[in-house]
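Take a look at the letters that make up each chain.
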Amino acid sequence: PSGGYFAITKVGGCLAEAREAVFGSQDAYLEGVESFMMLQEIVLEARMQAEQSPEFANLLAEWSACMASSGFSFTTPLDAWNYPWPDPVGREEVAAATADVGCKRTTDFESRAVSIMATHEQTATDDSIGLLETWSEFQARLSDAMRALP
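Since the model is a prediction, treat every value here as computed from it, not as a measurement.

Cut-off values and rules
- Residues numbered from 1 in each chain as written.
- Predicted model: local features only at pLDDT ≥ 70, side-chain atom pairs only at ≥ 80, totals over all residues.
- Heavy atoms only, no water.
- Helix = DSSP H or I, 4+ residues; strand = E, 2+ residues; numbered from the N terminus.
- Rg over C-alpha atoms; globule rule 2.2 N^0.38 Å.
- Buried < 20%, exposed > 50% of the residue type's maximum accessible area, 1.4 Å probe, protein only.
- Polar contact = N/O pair within 3.5 Å; in protein donor to acceptor, adjacent residues only side chain to side chain.
- Contact = heavy atoms within 4.5 Å.
- Axes fitted to C-alpha atoms, helices over the stretch in contact; angles between N-to-C directions.
- Parallel < 35°, antiparallel > 145°, perpendicular 65-115°, else oblique.
- Left-handed = near helix turned anticlockwise from the far one by under 90°.
- Nonpolar A, V, L, I, M, F, W, Y, C, P; charged D, E, K, R; others polar.
- Core = buried A, V, L, I, M, F, W, Y, C linked by side-chain atoms within 4.5 Å.
- Phe/Tyr/Trp six-rings, centres within 6.5 Å; stacked < 30°, edge-to-face > 60°.
- Expected span 1.5 Å × (residues − 1).
- Arc of directions from axis to C-beta.
- Patch = residues over 30% accessible without salt bridge, like charges linked within 9 Å, V, L, I, M, F, W, Y side chains within 5 Å.
- Areas by Shrake-Rupley, 256 points an atom, 1.4 Å probe, with all protein chains shown as cover.
- Salt bridge = Lys/Arg side-chain N within 4 Å of Asp/Glu carboxyl O.

### Things to note about the overall build of the protein chain
Consideration 1: Looking only at helices and strands, the protein chain has seven helices and zero strands in total.
Consideration 2: Scaling as 2.2 N^0.38, a compact globule of 150 residues should have a C-alpha radius of gyration of about 15 Å, whereas the protein chain reaches 22 Å, well beyond that.
Consideration 3: For the C-alpha atoms alone, the extent of the protein chain along its principal axes is close to 65 × 40 × 30 Å.
Consideration 4: Taken across its 150 residues, the protein chain has 32% of its residues classed as buried.

What follows is the structure, encoded as C-alpha cells:
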C-alpha cells in the first residue's frame, strides 16, 4: 500500500496541544491516521480481489441467470441499479426491482457476498496486525478523550 492520500503533518498551536493531550504526541496521532489510511487501502484492495474471485463470479452468474428467468439481462446488481430507467418509475423498473429482490433471496446473495468479502478482508488484515493494533490504540485514545469531555 502506498499509505498516502494526502499529506498529514505536524502542526503548532492549539491543534498541536489537542493532539498531544489526546494521543500523547503528534507522532502517535500521525501514526494512527496513517494506519487508518493504510488499512483502508488494504481493505479496498481485498474487496477488489474478492470481486474478481471465482466465488463472486459464480454468485453473480447465479443472480444473473435468475434475473434472466424473469426477462432481464443484467450481469450484476449494479447494472440493474445503474440502468437508465425512465422517469417516473414505470412497471418495468418495478418488475426488475421485484425480480432483483427475489433473485437475491433465492441465491442468498447478500450473505454470500458479505462472506466472500469478509474472507478476503480477513486474509489481508491478518497480514497487517501491527496496523490494526496501532489503529485500535488510536481509537481507544480518541474514545477516552471524548468520554472525558464535559
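### Focus on the side chain of Ser53
Consideration 1: Residue placement: Ser53 occurs in the loop between helix H2 (26–51) and helix H3 (54–69).
Consideration 2: Note on Ser53: relative accessible area 4%, which makes it buried.
Consideration 3: At 2.7 Å, the side chain of Ser53 forms a polar contact with the backbone oxygen of Ala50.
Consideration 4: Aside from chain neighbours lying at most four places away, what touches Ser53 is Ile116 and His120.

### Quick word on the packing of H2 against helix H6 (residues 109–126)
Consideration 1: Relative orientation of the contacting elements H2 and H6 amounts to 135°, with a least axis distance of 8 Å. By the angle between their directions, the pair H2 and H6 is classed as oblique. Crossing of H2 against H6: the hand is right-handed. Contacts between H2 and H6 involve Ile42, Val43, Ala46, Arg47, Gln49, Ala50 and Glu51 on the former and, on the latter, Ile116, Met117, His120, Glu121, Ala124 and Thr125.
Consideration 2: Class assignment for the residues of the contact of H2 with H6 results in seven nonpolar, three polar and three charged.

### So, the nonpolar core
Soluble globular proteins tend to bury their nonpolar side chains together.
Consideration 1: Counting residues in hydrophobic clusters, the biggest one holds 18 residues, and the most contacted among them are Phe56, Leu59, Trp63, Met67, Phe72, Phe74 and Phe109.
Consideration 2: Elements represented by at least two residues in this core include exactly H3, helix H5 (91–107) and H6.
Consideration 3: The next biggest cluster of nonpolar side chains, apart from the first, holds 13 residues, and it includes Leu30, Met38, Leu39 and Ile42.

### Let's talk about the packing of aromatic side chains
Consideration 1: One pass over the full model with this rule turns up ten aromatic pairs.
Consideration 2: Aromatic side chains Phe72 and Phe74 sit 6.3 Å apart centroid to centroid with 10° between the ring planes, which places their arrangement in the stacked category.
Consideration 3: The exposure class of Phe72 is buried, given its relative accessible area of 9%.
Consideration 4: Pairwise contacts between aromatic rings join Phe23, Tyr29, Phe36, Trp135 and Phe138 into one cluster.

### A word on H3
Consideration 1: Under the 1.5 Å per step criterion, the end-to-end length of H3 is 22 Å for 16 residues, consistent within 8% with the ideal 22 Å.
Consideration 2: Among the residues of H3, those classed as buried are Phe56, Leu59, Leu60, Trp63, Ser64, Cys66 and Met67. The buried residues of H3 all sit within an arc of 160° when viewed along its axis, so they share a single face. Pointing more than 90 degrees away from the buried face of H3 are the exposed residues Pro54 and Ser69.
Consideration 3: Note on H3: the residue one or two positions beyond its end, Gly71, has a positive phi of about 95°.

### Notes on a nonpolar patch on the surface
Consideration 1: Taken together, the side chains of Leu142, Met146 and Leu149 present a nonpolar region at the surface, about 310 Å² in accessible area.
Consideration 2: Structurally, Met146 is set in helix H7 (residues 129–148).
Consideration 3: Met146 gets classed as exposed once you look at its relative accessible area, which sits at 55%.

Just geometry here; none of it tells us what the structure is for.
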